[in-house]
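Architecture and fold: a report
The residues making up each chain are set out below.
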Amino acid sequence: MPELPISEEFKLDVLKEMGNIGAGNATTALSTLLNYERVNMHVPEVDLCPLVDIPDLMGGAEKSVIGIYIRVFSEVSFYAVFLIDFESAQTLVASLTGQDHPVMEEMGRSVLLEVANIVTASYLNALSHLTNLTFLPEPPLLVVDMAGAILGTVLAETSVAEDYILVLKTAFITATGNIEGNFLIIPDQNTLDIIVRMLVDGACQ
Amino acid sequence: MSEQIRVKIADYAVKKEEGMLITVGLGSCVGVALYDSFAKVAGLAHILLSDSALFKTPSNPAKFADTAIPLLLEQMISIGAKPTRLKAKIAGGSQLFSFERSMTSVGEKNICAVRNVLAILRIPITGEEVGGSVGRTMKLFVQHGKVIISTVGSEEREI
């Protein structure tokens, strides 16, 4: 079969759909963890974002947040980042454990890391079904710092040479509004092409 | 209130006489503040990566230590700074996420690259707060060249 020419716009559409399905799965996982409390998810934003603006994506580079970072490493590689504010993290930990473990202590951290693990895994499962690729997430790492420092560090880790970075951003919030956060996927440049190609080929079969 | 210029990631700015240059959220990135106290010319860069030569198509020179610092220097000279009068203060290059890898962290590489470039340009480093595992905000006051560092949950301090 001849290779279909793929426009940039079409690529973004494919990725938006991928983001939708992945994030839908991830949100369901989160809802299940929270005893089936309803979790609303915004339609994922897929954007070619100017590199200089990325640290501000979460409403201010100086905002102090909890960041959980998972590197996914296989045929394709990308970075999944959760950003969540303190109150949301505290509520999340309390709803899951039934106790007020401080988020910055061992138990609180461990709960947040596990949530990130489960949510990322369900995102990847959906993506894996769609693409027939295997995704291997590394153990999550947690940090509390300025949103700008966290995102800047992730950018440096990806060693980006481009001035525009593709970002899939999904915001989620529980029905009662007590837990909200953001889930970001930052793929490597090659990754993007591989995933789009797999999705398009899959769709043509 | 005097003017404040915000330096974003992979960006730089220069200013003369008064005001403030600020860069927020230096993680593994390194902030380089250069100052000519005689001409009151200040420059601040927020550097993301160490070496432009590692990339096939390095687009924005302000992103890399080896290209950003000479660019900053050039801009400062154009508004009256003299290279021999410049002093540098650096901050950042931390390792926010504790990877269980033995490789040198991006932050360390950045610090090392910045030191090398400044040494080549013969600009002495008179103050620094680098490494560790916290994000930093760096303010450079144009009037007197003071550099103030702040981190989440601690007091501001001068370097």
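Computed from a predicted structure; not experimentally measured.

Considering the overall build of chain B
Within chain B one finds two helices and ten strands. Ordered by position in the sequence, the α and β elements of chain B form the string β-β-β-β-β-α-β-α-β-β-β-β. Computed over C-alpha atoms, the radius of gyration of chain B comes to 15 Å, within 12% of the 15 Å expected from 2.2 N^0.38 for 159 residues, which places it in the range of a compact globule. In terms of overall dimensions, chain B has C-alpha extents of about 45 × 40 × 25 Å along its principal axes. The buried share of chain B, taken over its 159 residues, is 54%.

A few points about the overall build of chain A
Scanning chain A from N- to C-terminus turns up five helices and seven strands. Along chain A, helices (α) and strands (β) appear in the sequence α-β-β-β-β-α-α-β-α-β-β-α when read from the amino end. Over its C-alpha trace chain A gives a radius of gyration of 17 Å, about what one expects of a compact globule, namely 17 Å for 205 residues. On the principal axes, the C-alpha backbone points of chain A span a range of 60 × 35 × 25 Å. Here chain A, with 205 residues, has 50% of them falling under the buried criterion. Contacts in chain A between residues far apart in sequence, at least 24 positions, make up 73% of those at least 6 positions apart. For chain A, the distance from the average position of its 8 positive side-chain charges to the average position of its 27 negative side-chain charges is 3 Å.

With respect to unusual backbone geometry
Residues and elements named next belong to chain B. Of note, E17 is a non-glycine position whose phi angle comes to about 75°, a positive value. Here E17 shows up in the loop between strand 2 (11-16) and strand 3 (20-26). The class of E17 is partly exposed, set by a relative accessible area of 48%. Positive phi is not limited to glycine here, since K40 has a value of about 50°. Note on placement: K40 falls in the loop between strand 4 (30-36) and strand 5 (41-47). Judged by relative accessible area, K40 falls into the partly exposed class, the value being 33%.

Some points on the pattern of salt bridges
A pair can form between side chains of opposite charge whenever their charged atoms are brought close. Tallying each qualifying case throughout the model produces nine salt bridges over all chains. Of the charged contacts, one joins D56 of chain A and R6 of chain B as a salt bridge, the two residues approaching to 3.2 Å between their closest N and O atoms. Taken together, the residues D56 of chain A in the loop between strand 2 (45-50) and strand 3 (64-73) and R6 of chain B in strand 1 (residues 4-6) connect one chain to another. The class for D56 of chain A is partly exposed, based on a relative accessible area of 23%. Where E3 of chain B meets K15 of chain B, a salt bridge forms, and the shortest distance between an N and an O atom there is 3.7 Å.

Some remarks on empty space enclosed by the protein
Residue and element names in this part refer to chain A. What the rule picks out here adds up to four cavities of 30 Å³ or more. One number sums up the size of the largest cavity: a volume of about 110 Å³. Along its surface, the largest cavity is lined by L30, I68, F82, L83, I84, L92, L112, V115, A116, V119, F172 and N182. Looking at the lining of the largest cavity, the elements with two or more residues in it are strand 4 (77-84) and helix 3 (106-131). No other element matches the four residues that helix 3 contributes to the lining of the largest cavity.

Focus on the interface of chain B and chain A
It is common to give the size of an interface as the accessible area that goes away when the parts come together. Taken together, the contacts link 31 residues of chain B with 30 residues of chain A. Around 2400 Å² of area is buried between chain B and chain A when both sides are counted, 65% of it from carbon and sulfur atoms. Where chain B meets chain A, there are two salt bridges. Here chain B and chain A share five residue pairs in polar contact (both at pLDDT 80 or more) between them.

What about helix 4 (residues 147-157) of chain A?
In terms of burial, helix 4 of chain A is a largely internal element, eleven of the eleven residues being buried. Buried within helix 4 of chain A we find A147, G148, A149, I150, L151, G152, T153, V154, L155, A156 and E157 of chain A.

Criteria and thresholds
Residues numbered from 1 in each chain as written. Chains lettered and ligands numbered in written order. Predicted model: local features only at pLDDT ≥ 70, side-chain atom pairs only at ≥ 80, totals over all residues. Heavy atoms only, no water. Helix = DSSP H or I, 4+ residues; strand = E, 2+ residues; numbered from the N terminus. Rg over C-alpha atoms; globule rule 2.2 N^0.38 Å. Buried < 20%, exposed > 50% of the residue type's maximum accessible area, 1.4 Å probe, protein only. Contact = heavy atoms within 4.5 Å. Lys, Arg positive; Asp, Glu negative; His and termini not counted. Charge placed at Lys NZ, Arg CZ, Asp CG, Glu CD. Salt bridge = Lys/Arg side-chain N within 4 Å of Asp/Glu carboxyl O. 1 Å grid on protein atoms, 1.4 Å probe; cavity = no way out; pocket = protein on both sides within 12 Å on 5 of 7 lines; lining within 4 Å. Points joined across faces, edges and corners; volume = space filled by probe spheres on them. Buried area = accessible area lost by both parts, 1.4 Å probe. Polar contact = N/O pair within 3.5 Å; in protein donor to acceptor, adjacent residues only side chain to side chain.

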